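Below are the chains, spelled out letter by letter.
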Amino acid sequence: MRPRLILCDLDMSLIGRDYQPTIQLDAFKLLVRQMMEAGDLFGLNSDTPYEPLRRWMGIFGFTGPIVSEKGAIVSTLSGSHLLTRQQVIGWHSVKQLIISSLRSAFPDFALTEEYYLDLLSNQRGLDARSGTMIVINPFRLCGFGLHVWTNQLTPDYGAYPSVVGTVKVVLDRLGITELVDIDANAECGVLILSSAGLDKELAVPVLRRKYRGYRVIAIGDGRSDARLLGHVDLLCAVSNAAAELQAVADFVATEPITAGALEILQRISTKPLGKRRRA
């Protein structure tokens, strides 16, 4: 049997809204280790930047490739990065201009550049006179991300629209609005900017060249995972997956998030799945 390269999405596929796995990981990690001993490889494929994904690889026991920032970068655990396409936006400069504009527009907000999960894990709010904090993601290489939170580390729904509006003004001033995908999630207080046209499937040809002979299997929950149809050998969905993914997946788990991912791995390891027949 051909070895398998199994690529898992992270948010709402392996971890829930509280940024934690939804089951104890003993059985999950044991199965992953057994499958790796048999020749399979496990990696992550997510919109999340490389550095946080590297941390999660250790938590889940994965040792394979890391696809980060919505297919923009393919990396190894050692930190060797390969861009899947040439960048047309100088994101470092854009980031500095956005930060400068936010500081000017919101002098009473606390603004910090650090990983948001570190703040959450330490339950460390910032001392903002207004009660609002802007948390810039320090790890994005091919985009920009921030959270708009209260000092209690919850989304600041009142401040969020103004912050997003200020960022959009910067993009307009730079003349790059049409070159940027804007993912504005007001419910979570999150804003993510990325180069237009990025998709997870961009990484698949790179992976196939590097891991010749491997059967590529994807596990996910979102519409971006649905676009892997036709690019991977097998497409699987956890039960909480978006309707667009469930409609095209070769296998849909009966369980959500981490439990669903474990169910998929158990099925793969005991009864090889074939492509779903479509009308």
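What you see is a predicted model; the values in this text were computed from it and never measured.

A.B. asks: How would you explain the nonpolar core if you had to name every residue and give the values?
C.D. replies: Formed by 42 residues in total, the largest nonpolar core has its most connected members in Leu14, Phe28, Phe60, Phe62 and Leu265. When near neighbours in sequence (up to four residues on either side) are disregarded, Phe60 contacts Leu10, Leu14, Ile15, Pro21, Leu25, Phe28, Lys29, Val32 and Thr258. Among the nonpolar cores identified, the runner-up in size contains 25 residues, and Phe106, Leu111, Ala159 and Leu171 belong to it.

A.B. asks: Run through the sheet that holds strand S8 (residues 143-150), naming residues and quoting values.
C.D. replies: Read across the open sheet, the 5 strands follow the order S6-S7-S8-S10-S9; overall the sheet is mixed. Single-partner strands in this sheet number two, and they are strand S6 (110-113) and strand S9 (180-185). The sheet shows a mean angle of 15° between the axes of neighbouring strands, taken without regard to direction. Pairing between S8 and strand S10 (residues 190-195): 5 bridges, direction antiparallel. Across the sheet, the residue bridging to Leu146 is Leu191, located in S10.

A.B. asks: Give me the lowdown on the packing of aromatic side chains, citing residues and values where you can.
C.D. replies: If you walk through the whole model with that rule in mind, you get 11 aromatic pairs. Aromatic ring contacts, followed pair by pair, group Tyr19, Tyr115, Tyr116, Phe139 and Trp149 into a single cluster.

A.B. asks: Any chance you could break down the side chain of Ser46 for me, citing the residues and the numbers?
C.D. replies: Inspection of the secondary structure assignment puts Ser46 in the loop between strand S2 (41-45) and helix H2 (50-60). Taking the relative accessible area as the measure of exposure, Ser46 reaches 2% and is therefore buried. A distance of 3.0 Å separates a polar atom in the side chain of Ser46 from the backbone nitrogen of Thr48. With sequence-adjacent residues up to four places away left out, Ser46 is seen in contact with Asp9, Leu10, Leu53, Val67, Ser68, Glu69, Lys70 and Lys200.

A.B. asks: For the sheet that holds S2, give the residues involved together with the corresponding values.
C.D. replies: Strand order across the open sheet formed by 8 strands is S5-S4-S3-S2-S1-S11-S12-S13, with mixed pairing between neighbours. In the strand order of this sheet, the two ends are held by strand S5 (81-83) and strand S13 (251-252), each with one partner. Relative to strand S3 (residues 66-68), S2 runs parallel, the two being bridged by 2 bridges. If you follow Leu44 over to S3, its bridge partner there is Ile66. On the sheet, helix H6 (residues 203-210) packs against strand S1 (4-8), S3, strand S4 (73-75), S5 and strand S11 (215-220) and is oriented at approximately 25° with respect to S4.

A.B. asks: I'd like a description of the layout of surface pockets, backed by residues and values.
C.D. replies: Reported here for the largest pocket is a volume of approximately 1400 Å³. Contributing elements (two or more residues each) for the lining of the largest pocket: helix H4 (116-122), S8, S9, S10 and helix H7 (223-226). Of the residues in the lining of the largest pocket, the class split is 17 nonpolar, 13 polar and 15 charged. Of the volumes computed, that of the second largest pocket is approximately 200 Å³.

Reading the values: rules and limits
Residues numbered from 1 in each chain as written. Predicted model: local features only at pLDDT ≥ 70, side-chain atom pairs only at ≥ 80, totals over all residues. Heavy atoms only, no water. Core = buried A, V, L, I, M, F, W, Y, C linked by side-chain atoms within 4.5 Å. Buried < 20%, exposed > 50% of the residue type's maximum accessible area, 1.4 Å probe, protein only. Contact = heavy atoms within 4.5 Å. Pairing = 2+ DSSP bridges. Helix = DSSP H or I, 4+ residues; strand = E, 2+ residues; numbered from the N terminus. Axes fitted to C-alpha atoms, helices over the stretch in contact; angles between N-to-C directions. Phe/Tyr/Trp six-rings, centres within 6.5 Å; stacked < 30°, edge-to-face > 60°. Polar contact = N/O pair within 3.5 Å; in protein donor to acceptor, adjacent residues only side chain to side chain. 1 Å grid on protein atoms, 1.4 Å probe; cavity = no way out; pocket = protein on both sides within 12 Å on 5 of 7 lines; lining within 4 Å. Points joined across faces, edges and corners; volume = space filled by probe spheres on them. Nonpolar A, V, L, I, M, F, W, Y, C, P; charged D, E, K, R; others polar.

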